[in-house]
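Examination of the molecular architecture
As a plain string of letters, each chain reads:
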Amino acid sequence: MSKNTLTITDNRTDKTYELPITNDTINAMELRQIKVNPEDFGMLSYDPAFKNTASTKSTITYIDGGKGILRYRGYPIEQLAEKGNFLEVAYLLIFGELPNEQQYAEWKHEITHHTFVHENIKNLMEAFRYDSHPMGMFIATVAAMSTFYPEARDIFDEEARLKQIHRLIAKVPTIAAFSYRHTRGLPYVYPDNDLSYTGNFLSMLDRMTQLKYEPNPVLERALDVLFILHADHEQNCGTSAMRVIGSSHTDPYTAMAGAAAALYGPLHGGANEAVLRMLLEIGDLKNVPAFVKGVKNRERLLMGFGHRVYKNYDPRATLVKNIADQVFEVTGKNPLLDIALELERIAREDEFFVERNLYPNVDFYSGIIYQAMRFPVSMFPVLFAIPRTVGWLAQWIEMLEDKEQKIARPRQVYLGSDSRDFVAMNDRK
Ligand code: SDX
């Protein structure tokens, strides 16, 4: 009868150890019993960038990288994108179930009525240089919000915690829109509570002299679906930052500023901006072969391609591509699409990309849509951070409520100098 255990023989001592297997994993702490001498610290696992390490158990998002599967709380992303709306999916991620009518009405009411930010926050944002990157403004302002809501530190008070969740989900579009208006030298537009979550966001971005902004329904829905697709993605870099920072029991604004800072990187959520700058640099189909040659010579990355988990198509990329057609009906086709499609065609056929499983990820086509919707390229990471706020908060709650979690503190393999005595300045080489 096979046992759910792993037997390890340490050939240094000929000792064998039997470690229990749970959920197809071994608990790394079980390795510590493996020693040569009793006074040894015991064995560690070594996993730079945590490529093969589960940092938590979770019931929020499931990804099968081989099959291109993505589910939020068990619901396939394709169904949520087709049949749901972002606030509904936000409720699902935070509470674990799709809301009934009453739950949805209450949730929508709370989010809608927390969209305003304190006037001091608006004044604080006005201090940024006119040409500040919106993502830098977003991160700094989210962090500053912790100074406005000291009760946010009561992270185990469920009522106080829920209030901060309402505030963050409601206010990130406002902060994002204010950042955008600031970079355009335009007056900030206040929230319009008669509009939907994405309709209000478009209003705060675009309203000029009209008394009532009427969002284009196709763009409003396209943004809503894009927000659904970006809401959560299990233990990615930004979410891991949220969990690690949150594990020290700081408030959610401070933890989320760190998560957004991680997302900003061009290898992560900043990739959508990097993709557009790459496509603009290529500029014309005739330049694609030379660019691809540069990628294959390791001179640069093909931004928007590859993924740590998906080793074939990112299911979100397929859905984003479908939205592109609807958006282009309204905005006109983005000429950069032809360059993007050519890059994808080459990546599907060329051995360099095929053997490395480099397929388009969520960031490859989203930027083309955002540009067609007239978002400046610098806004793209902010457009990722808005919906990902929900995922960060859902994962933060799960971490706080997980009895197995403690403050995150990895170990290391020390390979530096052994003990040595201080040398006076004039005796040094
Ligand atoms: C997101 O984790 C998440 O879930 C993230 C995310 C989310 O929703 O939160 O999905 C969002 O961040 C999507 C990824 C966006 N980033 C990019 O598009 C940037 C370009 N992609 C690469 O930087 C890279 O593919 C990563 C960072 C996405 C994944 O890197 P890995 O898993 O560490 O893979 P790797 O660097 O070990 O690459 C394996 C090989 C290497 O070649 P060899 O040295 O083995 O010969 O593939 C090569 C890499 O050089 N490679 C690329 C490449 N990506 C990997 N070569 C050219 N272009 C690329 N884009």
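An account of the accompanying structure is given in this report.

Comments concerning the overall build of the protein
Scanning the protein from N- to C-terminus turns up 17 helices and five strands. Of all 429 residues assigned to the protein, the portion counted as buried reaches 49%. Taking contacts inside the protein between residues at least 6 apart in sequence as the whole, the part at least 24 apart equals 70%. For the protein, the exposed area adds up to about 22,000 Å²; of that, 52% sits on carbon and sulfur atoms. Each charge sign in the protein was given a centre, from 48 positive and 55 negative side chains, and these centres are 4 Å apart.

Here's the deal with the packing of helix α5 (residues 134–145) against helix α10 (residues 252–263)
Relative to each other, α5 and α10 sit at 165°, their axes nearing to 7 Å. Here α10 runs roughly antiparallel to α5, going by the angle between their axes. Relative to α10, α5 is oriented so that their crossing is left-handed. Along its contact with α5, which presents M135, F138, I139, V142, A143 and M145, the element α10 presents Y253, M256, A257, A260, A261 and L263. When the residues that make up the contact of α5 with α10 are grouped by side-chain class, the tally is twelve nonpolar, no polar and no charged.

Points about the site of the ligand
Taken together, 23 residues surround the ligand, and among them H233, R298, H307, R308 and R316 come closest. H233 has a polar side-chain atom sitting 2.6 Å from an oxygen atom of the ligand. Here an oxygen atom of the ligand and a side-chain polar atom of H307 are 2.6 Å apart. Residue composition of the shell around the ligand, by class: ten nonpolar, seven polar and six charged.

Details of empty space enclosed by the protein
Tallied over the full model, the rule gives one cavity of 30 Å³ or more. Residue lining of the largest cavity: L87, K108, I111, T112, T115, D192, N193, L195, S196, Y197 and N200, and that is the complete set. Looking at the lining of the largest cavity, the element that brings in the most residues is helix α3 (residues 101–112), giving three residues.

Procedures and definitions
Residues numbered from 1 in each chain as written. Predicted model: local features only at pLDDT ≥ 70, side-chain atom pairs only at ≥ 80, totals over all residues. Heavy atoms only, no water. Helix = DSSP H or I, 4+ residues; strand = E, 2+ residues; numbered from the N terminus. Buried < 20%, exposed > 50% of the residue type's maximum accessible area, 1.4 Å probe, protein only. Contact = heavy atoms within 4.5 Å. Areas by Shrake-Rupley, 256 points an atom, 1.4 Å probe, with all protein chains shown as cover. Lys, Arg positive; Asp, Glu negative; His and termini not counted. Charge placed at Lys NZ, Arg CZ, Asp CG, Glu CD. Axes fitted to C-alpha atoms, helices over the stretch in contact; angles between N-to-C directions. Parallel < 35°, antiparallel > 145°, perpendicular 65-115°, else oblique. Left-handed = near helix turned anticlockwise from the far one by under 90°. Nonpolar A, V, L, I, M, F, W, Y, C, P; charged D, E, K, R; others polar. Near = heavy atom within 4 Å. Polar contact = N/O pair within 3.5 Å; in protein donor to acceptor, adjacent residues only side chain to side chain. 1 Å grid on protein atoms, 1.4 Å probe; cavity = no way out; pocket = protein on both sides within 12 Å on 5 of 7 lines; lining within 4 Å. Points joined across faces, edges and corners; volume = space filled by probe spheres on them.

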